[in-house]
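Each chain is listed here by its residues.
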Amino acid sequence: MVNKIKSINAPKGKGFFLECAFIDEGKISILFSNNEDRNDLTEIAIDWAIHFQRTDDSYKINTFSEMISLSDGNVNPLFDQGERFFEVIDKKYTKWVVEDHYFPLEDYEKLYVFFFIESYVEVISPEPPVFTKINSKHEYYANLKERVCWTPDE
């Protein structure tokens, strides 16, 4: 068995809802909630992204189906254990970015995929994702506003 994904230090669960995703000048912020409790919020922050794509159509998750399925048709043990956030270690999944955007990727630039209920997010970044618990959507949006809305020095 060739492993195509590896676990990252992230929350585990049966599934997560993508609440929102935001990108500003390469900085990414993704808010998601737990399947059982929509008020159990976590933010994924990535300081610099080379590529960001959010896909809402559940049928397109088949793009990554061979990553989460083994050759015998069983689900990858990581997915079975509640893992939903991964670093992709199979380089063939990053080749299309090079072809599409005409720039080579460096070895330190990693492809991350975050699976949500009926959607997923792909990010290529030299920076690892950071997961932070959030108390409320109000807190999340207030912090987001501080990061985005700035006033030039007078």
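Preceding this section is the structure that the text describes.
Bear in mind that the values here come from a model prediction, so they are computed numbers and not experimental data. (Residues numbered from 1 in each chain as written. Predicted model: local features only at pLDDT ≥ 70, side-chain atom pairs only at ≥ 80, totals over all residues. Heavy atoms only, no water.)

**Side note on the pairing of strand β3 (residues 27–34)**
Using the following cut-off: Accessible area is worked out with a 1.4 Å probe on protein chains only. A residue is then buried under 20% of its type maximum, exposed over 50%, and partly exposed in between. In this description a helix means any DSSP run of H or I spanning at least four residues, a strand means any run of E spanning at least two, and both kinds are numbered starting from the N terminus. The criterion for strand pairing is that DSSP finds at least two bridges linking the strands in question.
Counting buried positions over the 8 residues of β3 gives 7, a clear majority of the element. In terms of strand pairing, strand β2 (residues 16–24) meets β3 through 8 bridges, oriented antiparallel. Opposite I23, over in β3, you have I28 as the bridge partner. Between the antiparallel neighbours β2 and β3 lie 2 residues, among them E25 with a positive phi of about 50°. Counting the residues in the hairpin turn of β3 and strand β4 (residues 41–46) gives 6 residues.

**What to know about the pattern of salt bridges**
Stated formally: Any carboxyl oxygen of Asp or Glu that lies within 4 Å of a side-chain nitrogen of Lys or Arg is treated as forming a salt bridge with it.
Under the criterion given, the structure shown has 5 salt bridges. For E87, the salt bridge goes to K6, with nearest N and O atoms at 3.8 Å. Here E87 is found in strand β6 (residues 85–88), whereas its partner K6 is found in strand β1 (residues 5–7), with 81 residues between them in sequence. Between K133 and D40 there is a salt bridge; the shortest N-O distance is 2.3 Å. Taken together, the residues K133 in strand β9 (residues 130–134) and D40 in the loop between β3 and β4 connect sequence positions 93 residues apart. Bridged by salt links that share partners, the residues E19, R38 and K137 form one connected network.

Keep in mind that these numbers describe shape and distance, not what the molecule does.
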